[in-house]
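Fold and contact review
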Amino acid sequence: MKAVIMAGGEGTRLRPLTLNTPKPLVPVCNKPIMEHIVERLAACGINEHIATLYYLADEIQAYFGDGSNFGVQMDYSIEESPLGTAGAVRVLADRLDDTFVIMSGDAMTDFDITEAVKFHKKAGSLATIVLYRVETPLEYGVVITDDDGRIMRFLEKPGWGEVFSDTVNTGLYILEPEIFKYMEEEKKYDWSNDIFPVLLEEERPMYGCVLGGYWCDIGNLKQYREVHKDAMSGKIKLNRSGKKMKGNIWIGEGTEIAADSHIAGPAIIGSNCHIKSGAVVNQYSIIGDNCILDTKSQVTQTIIWNNNYIGKKANVSNTVLCRSAIIGEDANIKDGAIIGDKCNIGSGATVQQQIKIWPNKIISSGATINHSIVWGENWPGTLFSALGVKGLANVEITPEYAAELGAAFGATLPQGSHIIVSRSPHKVARVIKRALLSGLMSVGVHMLDARITPIPLTRYLIHESDALGGIHVRISPYEHEKILIEFFDENGVNINTARERKIESTFSRQDFRRADIANVGTISLEGSGLDAYIENFLDYIDIERITGRRFKIVVDYSHGSLSTILPPILGRLKIEAPSLNAYSDPSINPRASAMDPAGLDELGKIVKALEADAGFIVDGEAEKISIVDGSGRPVTGNRLLAMMIELVAKVHDNPVVATQIRAPYIVENLVNKYKGKLVYTVSNSRGLMTNVTYKTKPHFAGDTKGGFIFPDFQIAFDAMVSIMKVLELKAAHDLSISELNSRIPEIFIESDTTTCTWETKGKLMRVLMDKFKNKKADLTDGIRLNLDKESWVLVRPDPSDPKVHIIAEGGSREQAVQLVKEYKEIVESIE
């Protein structure tokens, strides 16, 4: 016996689920509806199937193929234009020469179809309709039969005043080929409106067979949710994938679940998922294949399709997430929401109840969505964060995304340009870099591949070459699950905002030139730049003074690539230098910050035990340092900045120093002490480097996290130069780091963050300016209010997220904490 599966409908009432997915492929319990139907037919001994297709036909053909993977023979009939439920079958008349079954490809049932076939043949029926009793029959064809099952009356989708039965047509028919005599070729017919009324009028044998079991026509989103709950409650018999665990929990192959996560059954988790520490999966939740639930995320009564990411502390309740969506950290998706394919819901965003978001939409961080989004921009409006393009590795920033980003950057350069590209040791940085190279080559840009190289060396190579820019790919310094792509100009400095906007515009429009086959870019391996860098580096430092002291230091390389460059130089300078974490591993994240407390504690013990002159922690990208003095005490951040200014001021008359607006008062006091000039810059590294390169040209620049610039050598942070300059200046002035550290008074700076919508930021700054117009204010980056000689407050809107940062210095820790609390309350009071 053959079965015809009606699978051509568009499923408009299920949108946005069906915008990119044909309704028969919409998943129920992690398996397409039509696959459940195919399995049900096969279980009843019906193995020859013909699917009638129209909407997104290729998708269904690609999924089922010839049916052999499902134990059946699958053929297809594709309508060029809709012919109706009966007209689509009439096309198959020459292939249906015996009793056959028609079944909807978008309804869920566990009917024993063999019972209906037996009834059909025993009754001698021309057409048998399988019937089912429902509470609300308004959306179906209502049927009444006599005692023998012969249909006496039939009415399609009645009003309440017309309802004469709760027995409805399920769309499952057993028919004889004689039925085709009632239809002409290539004409549109519908079973319920055209064919069955004629059979009834002519009193042809047409019967109804009421079957027990489960049936649900998934006609709308409410029914889609209900069928999942019914399936998980055991009301319908389904073949489920995975292994059943205690508590009615089904787990797919290859799924990893953290020991301290919590899963409450009934629940289904697909294959190759990752449920991380503290994540919660509540009852009646279905999670598709290849999904990630990040730390402390929570899902409740939610249907999640394949390839979704739920961010840290995100909460998703009674929602449907279609394919490949990203739910950002702390996002809140409320009851009844529908999130379409490939949507990106930003960190801290809220999607209110019953909201539908169509595919490919990007919701800004912190936004509150109160109405459904069908049209509108499909990208965030800004790709760049403070340092570059940042996103979840292999989730937000995928190889295909990186290829387009590379093409967008390349399209802003002349065809035939050369740039330098490098990466950190991590394996995901390798994946993304290679994708970027493909995009760049496609627009005719040539690459000098520096492979695994510290950022300072990459910047140096760009500055000293004819390259028009460069790219470095690394793990984000303070968010290890994210990848950061930094773009540099011809001087090796991060590109300015104008260049960023140009790349964003090209990326959003997908307006890439494509190079002719003869002009596609090439890749060359960089081989001589390191030697030139080392030669210039050794020319820059005072080798005689350093070697004469025969220093003993300990260096923690944080698993970064500097571990392959610095040790031979230290040996050449007669520096005894035991090392820690002095190897790269593609699976290990290099330490993001040189201010790591655990690392500093360990280093301090070793320095003290070895009686070394000092210890240095270098961040994984070899940009920043922290120091441990000979007593094992750490010198980091603001204290280290003050110490460096003290050292530099001893060799420069009237020193010009650049630093960030959030630097402590002691910096200003030291510069004044040496009759110098202090220049404040914005609070990110790019702002500091840009100021050094194009504006101030100081003797020295430093940030508050261990990044220092010696412009005479290069205009970027360089940990290797910083270490050597510390040793050189220490030797020149015969000072111990312990002594310098003891001279620096205690610094009390505290900070906090509060939310602030994008729309409110401008108003906030205006109100603050008006409120504090009588106070001394610096507007370099946000508003810094200098309250007295030892305290200040900085209110700084975050450039990338809907947040405001409040930073304060006080004469004591208590005062600094109180100032942050006071000004945070002021900020939050402004609506």
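For the structure itself, consult the block above.
Read on for an overview of the structure.

Below, the discussion takes up the overall build of the protein chain. Counting its regular elements, the protein chain contains 21 helices and 55 strands. On the principal axes, the C-alpha backbone points of the protein chain span a range of 115 × 60 × 50 Å. Relative to its full complement of 831 residues, the protein chain shows a buried share of 56%. Sequence-distant contacts in the protein chain: of pairs separated by 6 or more residues, those separated by 24 or more amount to 59%. Of the accessible surface of the protein chain, which amounts to about 34500 Å², a share of 46% is contributed by carbon and sulfur atoms.

With that settled, the discussion passes to empty space enclosed by the protein. Per the counting criterion, the structure on display carries 4 cavities of 30 Å³ or more. As a volume, the largest cavity reaches approximately 100 Å³. Looking at the largest cavity, the residues that line it are Ser424, Arg474, Ile475, Ser476, Pro477, His480, Pro590, Arg591, Ala592, Asp619, Gly620 and Glu621. Broken down by class, the residue content of the lining of the largest cavity amounts to 4 nonpolar, 4 polar and 4 charged. When its volume is computed, the second largest cavity comes out at roughly 60 Å³. Of the residues forming the lining of the second largest cavity, the biggest block, 3 residues, is contributed by strand 11 (residues 167–175). Residue composition of the lining of the second largest cavity, grouped by class: 6 nonpolar, 4 polar and no charged.

Counting across every chain of the model gives 0 disulfides. Cys29 provides the cysteine sulfur closest to Cys216, a residue in no disulfide bond, and the two sulfurs are 12 Å apart.

The next subject is helix 2 (residues 57–64). Every buried residue belonging to helix 2 is among Ala57, Ile60 and Phe64, and all of these are buried. Axial view of helix 2: buried residues confined to an arc of 70°, hence all on one face. Those residues of helix 2 that are exposed and angled more than 90 degrees off the buried face are Asp58 and Ala62. The inward-facing, buried residues of helix 2 contact helix 1 (33–43), strand 4 (48–53) and strand 5 (73–78). Where helix 2 ends, the next residue or the one after it, Gly65, has phi of about 55°, a positive value.

This brings us to the sheet that holds strand 49 (residues 700–702). Pairing is mixed across the open sheet formed by 4 strands, whose spatial order is 48-47-49-50. Since the sheet does not close on itself, it has two edges, and those belong to strand 48 (677–681) and strand 50 (708–709), each with one partner. Relative to strand 49, strand 47 (residues 656–660) runs parallel, the two sharing 3 bridges. Residue Ala658 lies in a different strand from strand 49, and its bridge partner there is Ala701.

Looking now at the sheet that holds strand 25 (residues 309–310). Hydrogen bonding along the main chain pairs the strands of a sheet, whether they run parallel or antiparallel. Strands sit in the order 16-19-22-25-28-31-34 across an open sheet of 7 strands; the sheet is parallel. The sheet is open, and its two borders are formed by strand 16 (256–257) and strand 34 (362–363), each paired with just one other strand. Two strands pair when backbone bridges link them, and strand 22 (residues 292–293) and strand 25 are joined in this way by 2 bridges, in the parallel orientation. Bridge assignment links Ile292 to a residue of strand 25, and that residue is Tyr309.

Here strand 6 (residues 100–104) lies mainly inside the structure; 5 of its 5 residues are buried. Neither face of strand 6 is left uncovered, since the one carrying Phe100, Ile102 and Ser104 and the one carrying Val101 and Met103 both have all their residues buried. Note: strand 1 (residues 2–6) against strand 6, 5 bridges, orientation parallel. Within the sheet, the bridge partner assigned to Val4 lies in strand 6 and is Ile102. Pairing between strand 6 and strand 11: 3 bridges, direction antiparallel.

The tally for this structure, following the rule as stated, stands at 22 aromatic pairs. Between Tyr63 and Phe64, the ring centres sit 5.0 Å apart and the planes meet at 75°, which makes this aromatic pair edge-to-face. Taking relative accessible area as the criterion, Phe64 reaches 2% and is therefore assigned buried. On the numbers, 5.6 Å between centres and 15° between planes, the contact of Tyr460 with Phe713 is stacked. Taken together, the residues Tyr460 in helix 9 (residues 455–464) and Phe713 in the loop between strand 50 and helix 18 (719–733) connect sequence positions 253 residues apart. Each member of the pair, Tyr460 as well as Phe713, is classed as buried. Over the ring of Tyr284 we find Lys229; its NZ or CZ atom is 5.3 Å from the centre of that ring. Here the basic side chain of Arg784 rests over the ring of Tyr665, its NZ or CZ set 5.5 Å away from the ring centre.

This next bit is on the environment of Ala349. You can see Ala349 is positioned in the loop between strand 31 (344–345) and strand 32 (350–351). Accessibility expressed as a relative area gives 0% for Ala349, which makes it buried. In this structure, the C-alpha to C-alpha distance between Ala349 and Phe487, residues 138 residues apart in sequence, is 28 Å. Those residues in contact with Ala349, other than ones at most four positions away along the chain, are Asp330, Ala331, Asn332, Ile363, Ser364, Gly366 and Ala367.

With that out of the way, let us pick up the pattern of salt bridges. Under the counting rule described, the total for this entry stands at 33 salt bridges. For Arg15, the salt bridge identified is with Glu10, shortest N-O distance 3.7 Å. As a salt-bridge pair, Asp703 and Lys624 come within 2.7 Å of each other at their nearest N and O atoms. One end of the pair, Asp703, is in the loop between strand 49 and strand 50; the other, Lys624, is in the loop between strand 44 (614–618) and strand 45 (625–628), with 79 residues separating them in the sequence. For the residue pair Asp703 and Lys624, the accessibility class agrees, reading buried in each case. Taken together, the shared-partner salt bridges connect Arg459, Arg474, Glu486 and Glu623 into one network.

The subject of this paragraph is helix 21 (residues 813–829). For helix 21, which comprises 17 residues, the first-to-last C-alpha distance of 24 Å matches the rise-based estimate of 24 Å (1.5 Å per residue) to within 8%. All of the buried residues along helix 21 are Ala816, Leu819, Val820, Tyr823, Ile826 and Val827. Along the axis of helix 21, the buried residues cluster in a sector spanning 130°; they form a single face. For helix 21, exposure combined with an orientation more than 90 degrees from the buried face picks out Glu814 and Ser829.

Rules used throughout
Residues numbered from 1 in each chain as written. Predicted model: local features only at pLDDT ≥ 70, side-chain atom pairs only at ≥ 80, totals over all residues. Heavy atoms only, no water. Helix = DSSP H or I, 4+ residues; strand = E, 2+ residues; numbered from the N terminus. Buried < 20%, exposed > 50% of the residue type's maximum accessible area, 1.4 Å probe, protein only. Contact = heavy atoms within 4.5 Å. Areas by Shrake-Rupley, 256 points an atom, 1.4 Å probe, with all protein chains shown as cover. 1 Å grid on protein atoms, 1.4 Å probe; cavity = no way out; pocket = protein on both sides within 12 Å on 5 of 7 lines; lining within 4 Å. Points joined across faces, edges and corners; volume = space filled by probe spheres on them. Nonpolar A, V, L, I, M, F, W, Y, C, P; charged D, E, K, R; others polar. Disulfide = S-S within 2.5 Å. Arc of directions from axis to C-beta. Pairing = 2+ DSSP bridges. Phe/Tyr/Trp six-rings, centres within 6.5 Å; stacked < 30°, edge-to-face > 60°. Lys NZ or Arg CZ within 6 Å of the ring centre and 35° of its normal. Salt bridge = Lys/Arg side-chain N within 4 Å of Asp/Glu carboxyl O. Expected span 1.5 Å × (residues − 1).

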